[in-house]
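Fold and contact review
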Amino acid sequence: MIDAPSRPVTIVTGGSRGIGAAISLELAREGHDVVLNFASDEAAAVELAGRIEALGGRCLPVRADVTDEEQVEELFARAATLGPVTGLVNNAGATSFIGDLADTPVAVIRRVIELNLVGTVLCCRLAARTMSRSRGGRGGAIVNITSLAAATGSPHTYVHYAAAKAGVETLTRGLAVELGPEGVRVNAVSPGIVRTTIHADAGDAGRVDRAVPGIPLRRAGLPEDIAPTVAHALSERASYMSGAVITVSGGL
Ligand code: NAP
């Protein structure tokens, strides 16, 4: 379906750490050249870029805040220097705060919705403009990283984050219909609880260990548990899959 050169160029937002880093490494192993977006931690991005290039692919680290329209345009422009962009993984996200909605500062709510929902919308918009065949693109595939929170609503934890991720799932379904005739597939991967620093960054480092007894497979996910499903959704093996939300949650 994708009219791509031998090594497709794929952008991974928030690719420098956590789940995004595992996705970037997995894509490099599967033959992608990776555009590694990050927001602030340049050292982590450059270190990972070296590991990706050691696997034989090209890797371009690009600092860009995905909530900023101009920086998203610059991200796609820099990515195009590697070749036609045919892949996008919208992974950048954060929870930032854990608690009841009534206790959550409004500034945090706005930032979380901007990053998890608006950032994904802005990157999808640029991908639609870049990849659509009727606009001169070569087709492609988009994978949006959502969360099991979208299904549960995450009461007493972060209902606004859950609502943002539910928005990402609705975006995925609608855009899959809009872009199917353009040769672009759009899917979402929904992780359960995964061991990354996202939980400590939101002020609750013990959250993952407390969750383990409630997970049917009796362990938390690792970033490496999520990455192969993302790589599959981007690959030609998934060429008839679009509009899907795939849960990877240890049975939750
Ligand atoms: P993480 O380890 O905290 O990494 C977040 C990544 O996002 C970093 O690379 C960070 O870059 C980047 N980022 C943050 N703000 C950004 C911005 N404004 N623009 C561009 N990049 C930005 O997070 P994670 O746990 O791997 O989560 C990855 C995704 O999975 C998120 O969408 C999250 O909601 C989702 N998810 C996670 C879990 C979980 O339990 N961990 C569960 C379900 C869903 P810098 O390092 O440069 O700041």
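Right above here is the structure, for reference.
The text that follows walks through the structure, step by step, so that each part is easy to find. Just so it is clear, the structure is predicted and the values come from calculations on it, not from any experiment.

Under the 1.5 Å per step criterion, the end-to-end length of helix α2 (residues 42–54) is 18 Å for 13 residues, consistent within 8% with the ideal 18 Å. Buried within α2 we find Ala44, Ala45, Leu48, Ala49 and Ile52. The buried residues of α2 occupy one face: seen down the axis, they fall within an arc of 135 degrees. Exposed residues pointing more than 90 degrees away from the buried face of α2 are listed as Ala43 and Ala54. Turning to α2, the residues buried within the fold contact α1 (18–29), β2 (33–38) and β3 (59–63). Glycine 56 lies just past α2 and shows a positive phi near 105 degrees.

Tallied over the entire structure, the rule returns 9 salt bridges. One salt bridge in this structure joins aspartate 33 and arginine 7, with 2.9 Å as the shortest N-O distance. Residue aspartate 33 is located in strand β2, and its partner arginine 7 is located in the segment before β1 (9–12); the two are separated by 26 residues in the primary sequence. For aspartate 33, a relative accessible area of 2% translates into the label buried. Using a relative accessible area of 27% as the deciding quantity, one classes arginine 7 as partly exposed. Arginine 210 is the partner of aspartate 204 in a salt bridge, and the nearest nitrogen-oxygen pair spans 2.6 Å. Accessibility expressed as a relative area gives 16% for aspartate 204, which makes it buried. Connected through shared salt-bridge partners, Arg7, Asp33 and Arg58 make up one network.

Conventions we followed
- Residues numbered from 1 in each chain as written.
- Predicted model: local features only at pLDDT ≥ 70, side-chain atom pairs only at ≥ 80, totals over all residues.
- Heavy atoms only, no water.
- Helix = DSSP H or I, 4+ residues; strand = E, 2+ residues; numbered from the N terminus.
- Expected span 1.5 Å × (residues − 1).
- Buried < 20%, exposed > 50% of the residue type's maximum accessible area, 1.4 Å probe, protein only.
- Arc of directions from axis to C-beta.
- Contact = heavy atoms within 4.5 Å.
- Salt bridge = Lys/Arg side-chain N within 4 Å of Asp/Glu carboxyl O.

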